[in-house]
Amino acid sequence: MATTNSLANAKTATKHAGVPLVSVREVRKTYALGETEVHALRGISVSIHAGDFVAIMGASGSGKSTFMNILGCLDRPTSGEYWLEGTDVSQLDKKELARVRNLKIGFVFQGFNLLGRTTALENTELPMLYSRVSKKEREQRARDALTLVGLGDRLDHFPSQMSGGQQQRVAIARALVNKPRILLADEPTGNLDSHTSVEVMDIFQKLNRDGLTIVLVTHEPDIARFTRRQIVFRDGHIKRDEVIDAPMIASEVLKTMPTIED
Amino acid sequence: MFLADAFLLALRALGRNKMRSILTMLGMIIGVGAVIAVIGIGKGAAAKAQEQLAAMGSNMLFVGSGSVNRYGLNVGSGQTKTLVLSDARAIARECPSVSTAAPGVQTGQQVVFGNQNWATQVMGTEPQYFEVRNWPFASGTSFSEEDVTQSATVAVLGDTVRKYLFGSSNPIGQTIRIGTLPFKIVGTLAPKGISAGSNQDQDDVIIAPLTTVQKKLLGQEWLRWIMVSATSRGSSYVAQKQIVSLLRDRHKIRPDDPNDFVVRNLADIADAEAEQGSVMTTLLTIVASVALLVGGIGIMNIMLVSVTERTREIGIRMAVGATEEDVRRQFLLEAIVLGMIGGAVGILFGVASSFAVSNLLEWPILIPPFAIVLSTLFAIAIAVFFGFYPARKASQLNPIEALRYE
């Protein structure tokens, strides 16, 4: 891909201005596993600016999952600082962390993690249940989010009635519904076929183009090529951190792929 | 989360496992139902006993001739000949807590009317007896004071005797034969039913003037009993003491010797019955409470299963921003809803079964509102108590591990 996306360039121009959205400094994470101590992270420092689209890569056991858990405020570092939008969230208590997860972070998981026997609309409403949004506004916002990911006509479907790609799009809608600062995706294409994977990456690219910051864990180089920055973990350290000059554009790739489903 | 949303969520979660929820509630239903039924039936039984005692006469005391113990041979009560008419007069006159005293004798006799005959008790007493016993007339009147002084052969029939001798025809003015003597019927009594103390048919009786029975049927001077009415129910114990000391004095009994008479207080019998009833009710309530407790353990059991089953759901909720408090409240509310619905159905069940029992035994229906309020609160308290541990367990889950849970 030689052609450079003009939109991506525009974001690159603005993203280094001001304070970074995420600033991780000397973060370490140590687990006690029986008698031995496991050092999952051995001093990670990295900054992510608003509008970035980062792929986190590495073999299993490299510390990338631990890093994502800390980034997602599901876990706290043993030492070091994690500044999110000017707040050191490594100092917050459990209740405040839940609040941060609710309002500033959106999660997308490999296994979708939707509630069974619950409609797409209600699954999407879930984060707003915990931020005291009125019933009417909840429905409106969930409907908008589902329409945004192309599921406006499947509001009342249950997860069991949807394909993997559709379920993942519901999960994305759920992640977006509280207008988070950052979207964290943990192997979002791990359970999807290659065509659907590119479709999901297309959604991510569009969201990123509209300004959403995305951090995505993947071990597939094909998927990482759709992002604009790759950070590679190994043995609890960052081994490589590089900007991709010319990311692939998912919508272009889709045109060249044979369509099988839907 | 808004409370209304949380409540709806709990109802839906329980609705997903209908059979399991119903079975869990069954524990509460049986527990609460049993508590209410036991209290309702117990109260009904106590009220019935009170009713029976009230029917025997208000504030009544019974003074009877005593037992004789000669040369070590005790021949039973009703044998002494020391209780006499002047004792009855003295009790009425000298005991401040006594309002009326009716002296009496009685004898078993064969009575005949036309071709009907019937063996019954004939009592000889004075007109104030009906007042002491609180016994209304069904027809006719009492014999008079004059009938007593003249030993007139007139009689009043109890309801059972009337039925056997006269059936549906009117006995007033008719003449019956008691033993060998003809008696004219002047009145009939309203039915009084079975005595609460002795289980005897109180209506199987004929009542005639004291002197008539003493002289013409028995040929004795002494009395078998004196029925005494105290001035109020509260004063019956005082009246009892006054009668005992008066009679010991009149009969010249030395301080160490036993009474040659007996005094029984109906308030004693009533209190004994009430106590017996309340001990029974307490015991049954404890048993019912144990059932309620078992129901609570059932709730805890099912909530623990539910928390394990829904570990992943808890992880998802935490990831999207549920606090520990949100998760704890969600599960606690499910337990409370189980307890509340179980409690409500249990109340219906308990009320229905105590109605059924009351109907069957012709008891008054008495379900005190406090029993309903109390068992509802108890059901909720049990649900909170037994729901708290599973709810806390859910809230303490590590979201990362919960999300990974298969």
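Note that the coordinates shown come from a computational prediction; the quantities given were computed from them, not determined experimentally.

Draft legend 1. Up close: the overall build of chain B. Secondary structure summary: chain B contains 13 helices and twelve strands in total. For chain B, the C-alpha radius of gyration of 34 Å lies well beyond 22 Å, the compact-globule estimate for 406 residues. For chain B, the spread of C-alpha atoms along the three principal axes comes to 105 × 55 × 35 Å. Across chain B, the fraction of contacts at a sequence separation of at least 24, relative to all contacts at a separation of at least 6, is 82%.

Draft legend 2. Region of the structure containing the overall build of chain A. Each helix and strand counted, chain A has nine helices and ten strands in total. Taken over the C-alpha trace, chain A has a radius of gyration of 18 Å; the compact-globule value for 262 residues is 18 Å, and the two agree within 12%. Along the first, second and third principal axes, the C-alpha atoms of chain A reach 50 × 45 × 40 Å. The buried share of chain A, taken over its 262 residues, is 47%. If you take every contact in chain A between residues at least 6 apart in sequence, the share linking residues at least 24 apart comes to 70%.

Draft legend 3. Main features of the interface of chain B and chain A. Listed by partner, the interface residues are 17 residues for chain B and 20 residues for chain A. The element contributing the most residues to the side of chain B that touches chain A is helix 10 (residues 311–319) of chain B, with four residues. Here the side of chain B that touches chain A is composed, by residue class, of ten nonpolar, two polar and five charged.

Draft legend 4. Structural detail: the confidence of the model for chain A. The share of residues in chain A with pLDDT of 70 or more is 92%, and the mean pLDDT across the chain is 90. For residues 1–16 of chain A, every residue scores under 50 in pLDDT, and the model assigns this stretch 16 contacts once sequence neighbours within four places are set aside.

Draft legend 5. Structural context of the pairing of strand 8 (residues 175–178) of chain B. Residues and elements named next belong to chain B. Alternating residues of strand 8 divide into I176 and I178, all buried, and T175 and R177, none buried. Pairing of strand 8 with strand 9 (residues 181–189), which is carried by four bridges, proceeds in the antiparallel orientation. Residue pairing for strand 9: T175 is matched across the bridge by K184. In this antiparallel pair of consecutive strands, strand 8 and strand 9, the connection spans two residues, and G179 shows a positive phi of 60 degrees.

Draft legend 6. Looking closely at the packing of helix 9 (residues 266–309) of chain B against helix 12 (residues 369–395) of chain B. All names here are of chain B. Viewed as axis vectors pointing N to C, helix 9 and helix 12 meet at an angle of 25 degrees, and their least axial separation amounts to 9 Å. With respect to their mutual orientation, helix 9 and helix 12 come out roughly parallel. Crossing of helix 9 against helix 12: the hand is right-handed. On helix 12, the residues touching L292, L293, G296, I297, I299, M300, M303, L304 and V307 of helix 9 are F378, A379, I382, A383, F385, F386, G387, Y389, P390, K393 and A394. Looking at the contact of helix 9 with helix 12, its residues break down into 17 nonpolar, two polar and one charged.

Draft legend 7. How the structure looks around the sheet that holds strand 4 (residues 79–84) of chain A. Ordered in space as 2-1-4-5 (chain A), the four strands form an open sheet in which the pairing is antiparallel. The open sheet has two free edges, formed respectively by strand 2 (36–48) and strand 5 (87–88) of chain A, since each of these has just one partner strand.

Draft legend 8. Expanded view of helix 3 (residues 85–94) of chain B. Residues and elements named next belong to chain B. For helix 3, the complete set of buried residues consists of D87, A88 and I91. Across the axial projection of helix 3, the buried residues extend over an arc of 100 degrees, all falling on one side. For helix 3, exposure combined with an orientation more than 90 degrees from the buried face picks out S86 and R93. In this fold, the buried residues of helix 3 make contact with strand 4 (98–113), strand 11 (225–230) and helix 8 (236–250).

Draft legend 9. How the structure looks around the domain arrangement of chain B. Taken domain by domain, chain B holds domain 1 (3–52 + 272–404) and domain 2 (101–232). Placing a centre on the C-alpha atoms of domain 1 of chain B and another on those of domain 2 of chain B gives a separation of 58 Å.

Draft legend 10. Fine view of the packing of helix 4 (residues 120–129) of chain A against helix 5 (residues 135–148) of chain A. All names here are of chain A. At a closest axis distance of 9 Å, the pairing of helix 4 and helix 5 adopts a crossing angle of 115 degrees. The two elements helix 4 and helix 5 cross, and the hand of that crossing is right-handed. Across the interface between the two elements, A120, L121, T124, E125 and M128 from helix 4 touch R138, E139, R141, A142, R143, A145 and L146 from helix 5. Class assignment for the residues of the contact of helix 4 with helix 5 results in six nonpolar, one polar and five charged.

Draft legend 11. Fine view of the nonpolar core. With 120 residues, the main nonpolar core has I56(A), A173(A), L184(A), I214(A), V215(A) and A335(B) as its most contacted residues. Ranked by the residues each element gives to this core, the list is headed by helix 2 (residues 18–56) of chain B, at 14 residues. With 54 residues, the next largest nonpolar core counts A155(B), I206(B), A208(B) and L266(B) among its residues.

Draft legend 12. Spotlight on the confidence of the model for chain B. Mean pLDDT for chain B: 87, with 95% of residues reaching 70 or above. For this predicted complex, the interface score ipTM comes out at 0.90, while the overall pTM is 0.73.

Draft legend 13. Focus on unusual backbone geometry. Residue and element names in this part refer to chain A. Even without a glycine there, the phi angle at R132 is positive, about 50 degrees. Tracing the chain through its elements places R132 in the loop between helix 4 and helix 5. Judged by local crowding, R132 falls into the exposed class, with 10 C-beta atoms found within 10 Å.

Draft legend 14. Region of interest: the pairing of strand 2 of chain A. Residues and elements named next belong to chain A. Sheet topology places strand 1 (residues 22–33) next to strand 2; ten bridges connect them, and they run antiparallel. Among the inter-strand pairings, R28 is bridged to a residue of strand 2, identified as R42. Between strand 1 and strand 2, which pair antiparallel and follow one another directly, the connecting turn spans two residues, one of which, G34, has a positive phi of 65 degrees.

Draft legend 15. Fine view of the environment of I172(A). All names here are of chain A. If you trace the backbone, I172 turns up in helix 6 (residues 164–176). Given 27 C-beta atoms within a 10 Å radius, I172 is considered buried. Note: C-alpha distance between I172 and S45 (127 residues apart in sequence) is 28 Å.

Parameters at a glance
- Residues numbered from 1 in each chain as written.
- Chains lettered and ligands numbered in written order.
- Predicted model: local features only at pLDDT ≥ 70, side-chain atom pairs only at ≥ 80, totals over all residues.
- Helix = DSSP H or I, 4+ residues; strand = E, 2+ residues; numbered from the N terminus.
- Rg over C-alpha atoms; globule rule 2.2 N^0.38 Å.
- Contact = placed C-beta atoms within 7 Å.
- Buried ≥ 20, exposed ≤ 12 C-beta atoms within 10 Å, placed from the backbone.
- Nonpolar A, V, L, I, M, F, W, Y, C, P; charged D, E, K, R; others polar.
- pLDDT = per-residue confidence, 0-100.
- Pairing = 2+ DSSP bridges.
- Axes fitted to C-alpha atoms, helices over the stretch in contact; angles between N-to-C directions.
- Parallel < 35°, antiparallel > 145°, perpendicular 65-115°, else oblique.
- Left-handed = near helix turned anticlockwise from the far one by under 90°.
- Arc of directions from axis to C-beta.
- Domains from an automatic or database assignment.
- Core = buried A, V, L, I, M, F, W, Y, C linked by C-beta atoms within 7 Å.

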